[in-house]
Amino acid sequence: MQKLLAFAKGKHAKARSFCTPLFHSFIPEQLYCIVSTLLKYLASLEMQGTLILKNYTTQLLLEYKKNGGNVMTLSPEIEKLRTLKEKSIQGGGPARIERQRKKGRLLARERIEILLDEGSFREMDAFVFDRISDNPDEEKYLSDSVVIGYGTVDGRLIYVYSQDFTVLGGSLGRVHANKIIKLQDLALKNGAPLVGLNDSGGARIQEGVVSLGGYADIFLRNTLSSGVIPQISCILGPCAGGAVYSPALTDFIIMTKETSHMFVTGPDVVKSVTHEEVTFEELGGAMTHNETSGVAHFAAESEEHALYVLRNLLNYLPRNNMEDPPVFASQDDPLRTDSDLDTLIPNNPNKPYDMHEVINRVVDDGKFLEVHEHYAKNIIVGFARLNGRSIGIVANQPNILAGVLDINASVKAARFVRFCDCFNIPLITFEDVPGFLPGLEQEHGGIIRHGAKLLYAFAEATVPKITVITRKAYGGAYDVMSSKHLRCDVNLAWPKAEIAVMGPEGAINILYRRELSEADDPDALRTQLVQEYRDRFANPYVAASWGYLDDVIEPSQTRPRLINALEMLQNKRDENPPKKHGNIPL
């Protein structure tokens, strides 16, 4: 009994290997009592690693009772079925499983069990194997190097595949590709999210062009599914060469620190071609792609954390583009006000503040799932809820580069806006932007083209759009950040908002250059003119007088006003002119 309990607390593979013989041999009467006690013990456990053992022991009791308590054996057909399923579950065998564990990585099926609701996973294609090789002596692995199937997250259907590194390094061959393709087609037909848990050494070299063709077939379906169902990639090990392009085509990428890597060419190839010495982590680690390249959207501390982030992300998203995002009952009062917002903006217009504080004080329970947290920090994007409804937030961050728009910030925000528009998620914009970042590097890097991406994204979006100008809205950046002129539905401003072609200081230096140069006290004159300009132009009431702002509100009233506006817009209908697709300035 103690040995059974010890295995119950252990890993699935060990528990299974111990329990399986009980079902494949005669069952003595006294074992019924032992297993009954064990099942009661397992029912009280809330730990990972007990689900399969519970299923086995439950099945044992049912079979024992069905036969009137008599000693029984399994039929040959059922015994064969269980043997084959057990072989499929064993992956690459005990030695490779142990190597995977020593690397601090979970097994393919363990990852799925953590991600999905308990007991909801239904595996598909467990009996397929690689048929490319004609060598009869070559070992065949049932299920090949990827586990596929479907289950639920918080009761909502998703499709998931999990690459098994213990089988041929998780490499992709024709059978591996066919399994993923089957899952992609099912997800698209049934309108449910597709999740990939990636842990693969890349293309199966011995299959040559056949494996490359498999990648291309997957890429095609990633593209066809884009904007129809959410696609999320979780990188939990290596992802190299052609393998990186399937995750790159999905909506979000989650990486684990230290144990996951993405790159087109590895450190050895880089050294041979460019003579640069670089580590795996520097070349394609989680923080490299979260901070520098912007390829990844989330950096997790562990695999378990990555799967938790994935579950949390799915809760903000609809299952497909024909549905609305899920609504959760909120205990946060929709009429709640926050007087601290009235004094949050500094009196000095050049002094920064943290836009996160504005967001957290407005959204339900202060919960905000930030996307691309470590990349282009001068703009903030992410998901939250208002009165239980999912929303996407885009916000300038005055704490970083004064909240200016640059190349990376424009691309980051544009991609997020387009995702929200694809999946019917309303967009809330908090604006405090002094303009686009000037400089040779930005101009030569294509700030005009990249800034136009954000302009295009907001103009194209037909979901409910609400903008709150908290302070500065200068120049072309005012237009770009979901202005009324880009079909924004509700535009609000706080009393300290400054809406103008440029800041007062810059405007005065241009408009009154001669007067300032001839003045006895140019500093005093400049101060006077700046204040006059601010009073006359740099305030929200000029824009409001033209109808470009729908209202100027007290900051403390922001939450109830946003919720009220969302309720008003919940049946919004808008559409773009019929066309195959637009030509966004990529």
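Refer to the structure printed above.
Summarised in this report is the structure supplied together with it.

Among the 8 residues in helix α7 (residues 108–115), 6 count as buried, and that is most of the element. Within the sequence span of α7, burial applies to A108, R109, E110, R111, I112 and L115.

A few words on the packing of aromatic side chains. This model, assessed by the stated rule, comprises 11 aromatic pairs. The interplanar angle of 50° and the centroid separation of 6.4 Å between the aromatic rings of F252 and F298 together place this pair among those described as tilted. With F252 in strand β7 (residues 252–256) and F298 in strand β9 (residues 298–300), this residue pair connects regions lying 46 residues apart in the sequence. On the accessibility criterion, F298 (7% relative accessible area) is buried. Each ring, one from F252 and one from F383, has its centre 6.0 Å from the other, and the planes form 70°; the classification is edge-to-face. Linking F252 in strand β7 with F383 in strand β11 (residues 379–386), this pair joins segments that are 131 residues apart in sequence. Relative accessible area serves as the criterion here: at 0%, F383 is assigned to the buried category. Feature note: the residues F252, F298, Y316, F383, F416, F419 and F423 constitute an aromatic cluster, connected by ring pairs. Seen from the ring of F165, R105 lies directly overhead, with NZ or CZ sitting 5.0 Å from the centre. Positioned above the aromatic ring of Y316, the side-chain terminus of R385 is 4.2 Å from the ring centre.

One finds L197, L310, F383, V394 and L454 to be the most contacted residues of the largest nonpolar core, which totals 54 residues. Looking at this core, the element that brings in the most residues is helix α16 (residues 407–422), giving 7 residues. Core analysis: the next-biggest nonpolar cluster, separate from the first, contains 29 residues, V362, F368, A384 and V490 among them.

Looking now at unusual backbone geometry. Unusually for a residue other than glycine, D365 sits at a positive phi of about 55°. Structurally, D365 can be placed in the loop between α15 (355–362) and β10 (369–371). Residue classification places D365 among the partly exposed positions, given a relative accessible area of 48%. The phi torsion at H372 lies on the positive side, around 60°, for a residue other than glycine. Looking at the secondary structure, you find H372 in the loop between β10 and β11. Looking at H372, the relative accessible area reads 6%, which means it is buried.

Moving on, we get to the pattern of salt bridges. Scanning the entire structure with this criterion turns up 29 salt bridges. Residue R204 is joined to D130 by a salt bridge in which the shortest nitrogen-to-oxygen separation is 3.9 Å. Separated by 74 residues along the polypeptide, R204 in the loop between β4 (194–198) and α9 (209–225) and D130 in the loop between β1 (122–124) and β2 (146–153) bring together distant segments of the chain. For R204, a relative accessible area of 1% gives the class buried. For D130, a relative accessible area of 10% corresponds to the buried category. Between D332 and R336 there is a salt bridge; the shortest N-O distance is 2.8 Å. Judged by its relative accessible area of 9%, D332 is buried. A relative accessible area of 23% means that R336 is categorised as partly exposed. Residues participating in the shared-partner salt-bridge network are R105, R111, D199 and E303.

Reading the values: rules and limits
- Residues numbered from 1 in each chain as written.
- Predicted model: local features only at pLDDT ≥ 70, side-chain atom pairs only at ≥ 80, totals over all residues.
- Heavy atoms only, no water.
- Buried < 20%, exposed > 50% of the residue type's maximum accessible area, 1.4 Å probe, protein only.
- Helix = DSSP H or I, 4+ residues; strand = E, 2+ residues; numbered from the N terminus.
- Phe/Tyr/Trp six-rings, centres within 6.5 Å; stacked < 30°, edge-to-face > 60°.
- Lys NZ or Arg CZ within 6 Å of the ring centre and 35° of its normal.
- Core = buried A, V, L, I, M, F, W, Y, C linked by side-chain atoms within 4.5 Å.
- Salt bridge = Lys/Arg side-chain N within 4 Å of Asp/Glu carboxyl O.

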